[in-house]
Every structure is written in structure tokens, then in C-alpha cells.
Amino acid sequence: QVQLVESGGGLVQPGGSLRLSCAASGSIFMINTMSWYRQAPGKQRELVAFISSGDNTNYADSAKGRFTISRDNAKNTVYLQMNSLKPEDTAVYYCNADVTTTARSRFGTWGQGTQVTVSS
């Protein structure tokens, strides 16, 4: 059993910043890729950024230059630093982790989501 818990969402004005965190817990042997997705009302869930176990990163075009994904393997935690936020960044942000458990099974798992609202 593996759980992901996101935190750090909230209401912020345009141009502001937020830092999201996602902590994994449970029977974890190794966390492979960790990702952030978002889903705005009436839209499909989309990938925002991911980071590999080797710290290689990739970003959606909408996130490049404004968002930074990072991870702390000792804490099984991934972060998303979001700067220069825009109203169109408003969405529920979800964490996803590709996990290998202590039983050596491997699967992807999702957090419950955290709301980010960018509005004046």
C-alpha cells in the first residue's frame, strides 16, 4: 500500500507563487518517475511536469520558464515551485508516482489533488 498526499495549494493573485508538495508513504522500495498533472473544470487532465529517478525533468510548454519540479528522495517527496502564476493555471493539481514496492511490484499511484486558484 502506497499513499500520496499533496499540500500547498490555495488562492493566489496573478503573478504570485506557490509551492506544491507531494509526500509518498507506505511499502516503498523505490520511486521511479514522479509527476504533476492538473485538471481544470471541463478539461482533461494534463501533464505539467515530471522528474525521473535520475533527476531528468520535462515540462509542458505552458509550464516552461515558470514552474520547477524537484524531488527529495530521502523524504520520498516531489515539489512543484510555481512562479508568475496566471489565471489559466487554475486547476486541481495531482501528484503521480511510479512506485516499486518492497514486494517488488510496480505501479502508478495518484494523490487526492490540491486546488490552485489564481485570481485577483
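Residues numbered from 1 in each chain as written. Predicted model: local features only at pLDDT ≥ 70, side-chain atom pairs only at ≥ 80, totals over all residues. Heavy atoms only, no water.

(A) Summary view of the sheet that holds strand 8 (residues 77–82). Spatial ordering of the open sheet is given by 1-3-8-7, a layout of four strands whose pairing is antiparallel. Since the sheet does not close on itself, it has two edges, and those belong to strand 1 (2–7) and strand 7 (67–72), each with one partner. Pairwise comparison of adjacent strand axes, ignoring direction, gives a mean angle of 15° for this sheet. As defined by bridge partners, strand 7 adjoins strand 8 across six bridges and the pair is classed as antiparallel. Each residue of the ladder has a partner; that of T68, found in strand 8, is Q81. (Pairing = 2+ DSSP bridges. Helix = DSSP H or I, 4+ residues; strand = E, 2+ residues; numbered from the N terminus. Axes fitted to C-alpha atoms, helices over the stretch in contact; angles between N-to-C directions.)

(B) Expanded view of the environment of S120. Tracing the chain through its elements places S120 in the segment after strand 11 (114–118). When its relative accessible area of 83% is taken as the criterion, S120 is described as exposed. In the structure, S120 is positioned 59 residues away from D61 in sequence and 24 Å away in space, judged by C-alpha atoms. (Buried < 20%, exposed > 50% of the residue type's maximum accessible area, 1.4 Å probe, protein only.)

(C) Just the pattern of salt bridges, in detail. On inspection of all chains with the given rule, the structure shows five salt bridges. The partner of R66 in a salt bridge is D89, with the nearest N and O atoms 2.7 Å apart. With R66 in the loop between strand 6 (57–59) and strand 7 and D89 in the loop between strand 8 and strand 9 (91–101), the pair connects residues that are 23 residues apart, well separated along the chain. R106 is paired through a salt bridge with D98; the nearest N and O atoms lie 2.6 Å apart. When its relative accessible area of 53% is taken as the criterion, R106 is described as exposed. Residue D98 is classed as buried on the basis of its relative accessible area, which comes to 18%. Each of R38, E46, R66 and D89 takes part in salt bridges that share partners, so that together they form one network. (Salt bridge = Lys/Arg side-chain N within 4 Å of Asp/Glu carboxyl O.)

(D) Fine view of unusual backbone geometry. At N76, a position not held by glycine, the phi torsion is positive, near 50°. Relative to the helices and strands, N76 is located in the loop between strand 7 and strand 8.

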